[in-house]
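Chain residues, written in single-letter form:
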Amino acid sequence: MARSSLTTPEPDTATAAGRLPAANLPEVYRRLGAAEIRDALRKMRLIRRFEESAEEAYVRGLIHGTMHLSIGQEASAVGVCSALSPTDYMTSTHRGHGHCLGKGADVGRMFAEFFGREDGYCRGRGGSMHIADPSTGNLGANGIVGGGLPIAVGAALAAKRLGNGRIVVCFFGDGANNEGAFHESLNMASVWKLPVVFVCENNKYGMSTSVARSTSVKNIADRAVAYSMPGVTVDGNRFADVADATHAAVERARRGEGPSLIECLTYRIRGHSKSDRNRYRTKEEIESWQKRDPIQLFEAELLEFGLMDTPEMVAIQTSVEEEITAAIEFAKASPAPSPADLTRYVYTTERGSHGHHGA
Amino acid sequence: MDTMVRELSYSQAIQEAMAIAMERDPRVFLMGEDIGVYGGAFQVTGDLVHRFGEDRVMDMPISELAGAGVAVGAALAGMRPVFEFQFSDFATLGMEQIVNQAAKLRFMLGGAVSVPLVMRFPAGSGTGAAAQHSQSLEAWLAHVPGLKVVQPSTPHDAKGLLLAAIEDPDPVMIFEHKLLYKTKGPVPEGWYTVPLDRAEIRREGRDLTVVATSIMVIKALEAAATLAQEGIELEVVDLRSLRPIDTETLIASVSRTHRLMCVYEGVKTLGIGSEVSAAIAESEAFDLLDAPIVRLGGAECPLPYNPELEKAAVPQVADIVETARRLVQGRI
């Protein structure tokens, strides 16, 4: 059953002011230690600066093709990942840089992939839409809208059969909730009570088409009712709200009670991709969401509850800048793949690669 | 290899392979529509659910797209799924996961993962099931790098190719012909494999190489027996593997016979025979050809219901006899 539904947050009224510290302390702050909270803020900063730096690198011609930036969605990526253990699985989307970093990807190897180099996560073969890191349970971003949903269910089936205690988080966007793969996957996960947490990052637009114009239900989380699983809509720009909802869903999955659906209401500040001219939304709408910046909201809350002070936050920013700079240098220095290796990695046993350069 | 002569049907051979694989490896499981107590639409899984239980012989909802993707995800996360599409035609519903995901994940991720997945596709016409339950779509999948595609024509190969596929680290697509399920042949006991990348010469002959796939191998052998009475000797090559194609065996055969005919049930245009023809035309065997290369393939229409129309839509023994005779006699 859908437990609650939150309408799109009103940008100007949602501030941290007026809270009663101890009584209203979100559960996540009791659950996570100081180091984990610091790590969460650092990851959000890292994602923001990663995306901004990727954009700069694109403008300077270091990045081939296009990319899909998640600026404005950092609380959702990090809030979800904060509830996972390192061995838990994750599937991601075309807008997945934040998810990868949230799950623990190395920034240097991320940039190396964007630059198409051998040290990239995909040795330069996948690019920005296919970052994966099996060593951190990251089964991969996906260029197909809804492509990761069935794969997540399959990984959950394997985890259940193998009894390894892992759960799977499956990120997708509001656009994917109208794909057949979404409906088939939620149904199957529910019928088989599989340990999956479906996380819909509702950033209001599938490319240019709004949720209102594309989706028959008011809240995407309402669709959970059809698949007999809990569905909850949360403020996706608030770290604590995302983390607490995910924690509850992860606990349910670990108890063997089956899947959940979490809808994170958020907003992508940049366009869909580099071709976007923002003709489908207003400057005012973008600005209203910029006032609800997830990093600022998180920092304000940490200050309010006395969980971190300003010098610590400044120190995080400094260390993030250092990490980004070093990562870009690492990526630039990485070798490009050789055309002689064009058909490598098509097959595990290269003998069957059937290519001009295989065998 | 155990060479004991024991006859099994093609479907029994497949079932035995699945049972042996599940006994040997706890990661192997079967997934599909109505493969449990129903036994599969063609009774290929039969009673396996009673031996291995519902967790390993899993009925799934009628959701081919997610089902195919679940198999991909399970393979990524340590299992060895063997997925049955109830009819090969339904592969169209799972194509996204087969083509965009299973085939490409290893390459896209720079070799970081393998997708050890087997998919079985009951294919072909001759059952009166009309246009949406009779297709031969193997060439579609053979077009996709990252997949391996095989078509067994005998019970022996049906078992050996399936066991090889289950052991293989990459996604293997097996196209079984529905009319072959009841055909019988010698099948060794126990575990053995047949290579996923080798054609097999089924009959040697000096006059014409006939490269055939699946049930067309059986038809070509019948045609060869007929023509042998006229003194025309066909060499029948069972292509068996569509990706990769064993060009070595094909070139060697055509270099001996100096003539090539391809026989396949899939639609003729852009079918597997087109690729085989091109492989020979591009090879050193081209200069040795004494006649044009000829393709006999499926008609350029959806499969019809009426039995006479249905037969007319795919190559028959008489078509192979007639075309081969004209080719050898220099009338083409």
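Residues numbered from 1 in each chain as written. Chains lettered and ligands numbered in written order. Predicted model: local features only at pLDDT ≥ 70, side-chain atom pairs only at ≥ 80, totals over all residues. Heavy atoms only, no water.

1. Remarks on the overall build of chain B
(1) Moving on: Across its full length, chain B carries 12 helices and 14 strands.
(2) Moving on: By the compact-globule yardstick of 20 Å for 332 residues, chain B fits well, its C-alpha radius of gyration being 20 Å.
(3) Moving on: The C-alpha extent of chain B, read off along each of the three principal axes, is 60 × 45 × 40 Å.
(4) Moving on: Within the span of chain B, comprising 332 residues, buried residues form 64% of the whole.
(5) Moving on: Counting contacts in chain B only where the partners sit at least 6 residues apart, residues at least 24 apart contribute 81% of the total.
(6) Moving on: Treating the 29 positive side-chain charges of chain B as one cloud and the 44 negative ones as another, the clouds have centres 2 Å apart. (Helix = DSSP H or I, 4+ residues; strand = E, 2+ residues; numbered from the N terminus. Rg over C-alpha atoms; globule rule 2.2 N^0.38 Å. Buried < 20%, exposed > 50% of the residue type's maximum accessible area, 1.4 Å probe, protein only. Contact = heavy atoms within 4.5 Å. Lys, Arg positive; Asp, Glu negative; His and termini not counted. Charge placed at Lys NZ, Arg CZ, Asp CG, Glu CD.)

2. Quick word on the overall build of chain A
(1) Moving on: When helices and strands are counted, chain A shows 13 helices and eight strands.
(2) Moving on: For 359 residues, the compact-globule estimate of 2.2 N^0.38 gives 21 Å, and the C-alpha radius of gyration of chain A, at 20 Å, lies within 12% of that figure.
(3) Moving on: When the 359 residues of chain A are sorted by exposure, 57% land in the buried category.
(4) Moving on: Considering only intrachain contacts with a sequence separation of at least 6, the fraction spanning at least 24 residues in chain A is 74%.
(5) Moving on: Charge-centre separation for chain A: the mean point of 41 positive side chains lies 4 Å from the mean point of 43 negative side chains.

3. Structural notes on the UniProt feature "domain: Dehydrogenase E1 component" (unreviewed entry) in chain A
(1) Moving on: Those places that UniProt annotates as "domain: Dehydrogenase E1 component" (unreviewed entry) correspond, in this numbering, to residues 42–339 of chain A.
(2) Moving on: Along residues 42–339 of chain A one finds 44% helix and 10% strand; the C-alpha atoms at either end are 38 Å apart. (UniProt positions renumbered as here; feature names shortened; annotations may be inferred.)

4. Notes on the sheet that holds strand S10 (residues 208–212) of chain B
Remark on secondary structure: sheet strands pair via backbone hydrogen bonds, oriented parallel or antiparallel.
Residues and elements named next belong to chain B.
(1) Moving on: Strand order across the open sheet formed by five strands is S9-S11-S10-S13-S14, with mixed pairing between neighbours. Strands at the two margins of the open sheet, each flanked by one partner only, are strand S9 (200–203) and strand S14 (294–298). Pairwise comparison of adjacent strand axes, ignoring direction, gives a mean angle of 25° for this sheet.
(2) Moving on: Inspection of the sheet shows strand S13 (residues 260–267) paired to S14 by four bridges, in the parallel sense. Paired with Val-267 across the two strands is Gly-298, which belongs to S14.
(3) Moving on: In this fold helix H9 (residues 247–257) packs onto S9, S10, strand S11 (234–238) and S13, with an angle of close to 175° to the strand it touches most, S11.
(4) Moving on: Strand contacts of helix H12 (residues 317–328): S10, S11, S13 and S14, with the helix running at about 150° to S13, the strand carrying the most contacts. (Pairing = 2+ DSSP bridges. Axes fitted to C-alpha atoms, helices over the stretch in contact; angles between N-to-C directions.)

5. Focus on the domain arrangement of chain B
All names here are of chain B.
(1) Moving on: Here the domain parsing of chain B yields domain 1 (7–186) and domain 2 (200–328).
(2) Moving on: Each partner contributes to the interface: domain 1 provides 29 residues, whereas domain 2 provides 22 residues.
(3) Moving on: Here domain 1 meets domain 2 over a buried area of about 2000 Å², counting both sides, of which 54% is carbon and sulfur.
(4) Moving on: It is Ser-125, Gln-151 and Ser-153 that lose the most area in domain 1 upon contact with domain 2, and together they represent 25% of the buried surface on that side.
(5) Moving on: For the interface between domain 1 and domain 2, the tally reads two salt bridges.
(6) Moving on: Ionic pairing is found between Asp-157 and Arg-202, a salt bridge with its closest N-O pair at 2.5 Å.
(7) Moving on: At the boundary of domain 1 with domain 2, the tally comes to 13 residue pairs in polar contact (both at pLDDT 80 or more).
(8) Moving on: Among the secondary structure elements, those contributing two or more residues to the side of domain 1 that touches domain 2 are helix H6 (138–142), strand S6 (148–150) and helix H7 (155–167).
(9) Moving on: Each residue belonging to the side of domain 1 that touches domain 2 can be placed in one class, and the counts come to 13 nonpolar, 13 polar and three charged. (Domains from an automatic or database assignment. Buried area = accessible area lost by both parts, 1.4 Å probe. Salt bridge = Lys/Arg side-chain N within 4 Å of Asp/Glu carboxyl O. Polar contact = N/O pair within 3.5 Å; in protein donor to acceptor, adjacent residues only side chain to side chain. Nonpolar A, V, L, I, M, F, W, Y, C, P; charged D, E, K, R; others polar.)

6. Regarding the sheet that holds S6 of chain B
Residue and element names in this part refer to chain B.
(1) Moving on: Strand order in the open sheet formed by seven strands is S3-S2-S4-S5-S7-S6-S12, and the pairing between neighbours is mixed. Where the open sheet ends on each side, the last strands, each with one partner, are strand S3 (57–59) and strand S12 (241–243). Neighbour-to-neighbour, the strand axes of this sheet turn through a mean angle of 20°, independent of strand direction.

7. Remarks on the pairing of strand S3 (residues 168–173) of chain A
All names here are of chain A.
(1) Moving on: Counting buried residues in S3 gives five out of six residues, a clear majority hidden from the surface.
(2) Moving on: As paired strands, strand S2 (residues 89–91) and S3 are joined by three bridges and run parallel to one another. Following the sheet pairing, Met-90 is matched in S3 by Val-169.
(3) Moving on: Pairing between S3 and strand S4 (residues 196–202): six bridges, direction parallel.

8. Topic: the nonpolar core
(1) Moving on: Residues Tyr-29, Phe-111, Phe-198 and Phe-239 of chain A together with Ile-98 and Leu-141 of chain B are the most contacted members of the largest nonpolar core, which totals 132 residues.
(2) Moving on: Top element by residues in this core is helix H3 (residues 34–59) of chain A. It accounts for nine residues.
(3) Moving on: The two domains that each donate at least three residues to this core are domain 1 (7–186) and domain 2 (200–328) of chain B.
(4) Moving on: The contact partners of Phe-239 of chain A, leaving out residues within four places of it in the chain, are Val-28, Tyr-29, Leu-32, Ala-40, Met-44, Ala-75, Val-78, Gly-79, Ser-82 and Phe-298 of chain A. (Core = buried A, V, L, I, M, F, W, Y, C linked by side-chain atoms within 4.5 Å.)

9. Describing helix H11 (residues 283–290) of chain A
Residue and element names in this part refer to chain A.
(1) Moving on: What H11 keeps buried is the set Glu-285, Ile-286, Ser-288 and Trp-289. On an axial view of H11, the arc spanned by its buried residues comes to 160°, and they lie on one face. Residues of H11 that are exposed and angled more than 90 degrees away from the buried face: Lys-283 and Glu-284.
(2) Moving on: Contact partners of the buried residues in H11: strand S5 (205–206) and strand S8 (260–265). (Arc of directions from axis to C-beta.)

10. Overview of the interface of chain A and chain B
Interface size, as often reported, equals the accessible area lost upon joining of the parts.
(1) Moving on: Facing the 38 residues of chain A at the interface are 47 residues of chain B.
(2) Moving on: Carbon and sulfur atoms make up 66% of the area that chain A and chain B hide from each other, which totals about 3500 Å².
(3) Moving on: A per-residue breakdown of the area chain A buries against chain B is headed by Arg-161, Tyr-347 and Thr-348 of chain A, which together make up 17% of the total.
(4) Moving on: Where chain A meets chain B, there are one salt bridge.
(5) Moving on: Viewed at the interface, chain B and chain A are joined by 14 residue pairs in polar contact (both at pLDDT 80 or more).

11. Focus on the pattern of salt bridges
Residue and element names in this part refer to chain A.
(1) Moving on: Inspection of every chain in the model, using the stated rule, returns 42 salt bridges over all chains.
(2) Moving on: The closest approach of N and O atoms between Asp-39 and Lys-43, which form a salt bridge, is 3.4 Å. Of this pair, Asp-39 and Lys-43 both sit in helix H3, four residues apart, roughly one helical turn.
(3) Moving on: We classify Asp-39 as partly exposed; its relative accessible area is 35%.
(4) Moving on: Taking the relative accessible area as the measure of exposure, Lys-43 reaches 21% and is therefore partly exposed.
(5) Moving on: The closest approach of N and O atoms between Arg-123 and Glu-118, which form a salt bridge, is 3.5 Å.
(6) Moving on: For Arg-123, a relative accessible area of 33% puts it in the partly exposed group.
(7) Moving on: Take Glu-118: its relative accessible area is 19%, and that puts it in the buried class.

12. Points about the packing of H3 of chain A against helix H4 (residues 74–81) of chain A
Residue and element names in this part refer to chain A.
(1) Moving on: Where H3 contacts H4, the two axes come as close as 9 Å, and the packing angle between them is 140°. Classified by the interaxial angle, the pair formed by H3 and H4 is oblique. Note that H3 runs across H4; the crossing there is right-handed. Here Ala-40, Lys-43, Met-44, Ile-47 and Arg-48 of H3 lie close against H4, whose contacting residues are Glu-74, Ala-75, Ala-77 and Val-78.
(2) Moving on: Among the residues forming the contact of H3 with H4, the class breakdown is six nonpolar, no polar and three charged. (Parallel < 35°, antiparallel > 145°, perpendicular 65-115°, else oblique. Left-handed = near helix turned anticlockwise from the far one by under 90°.)

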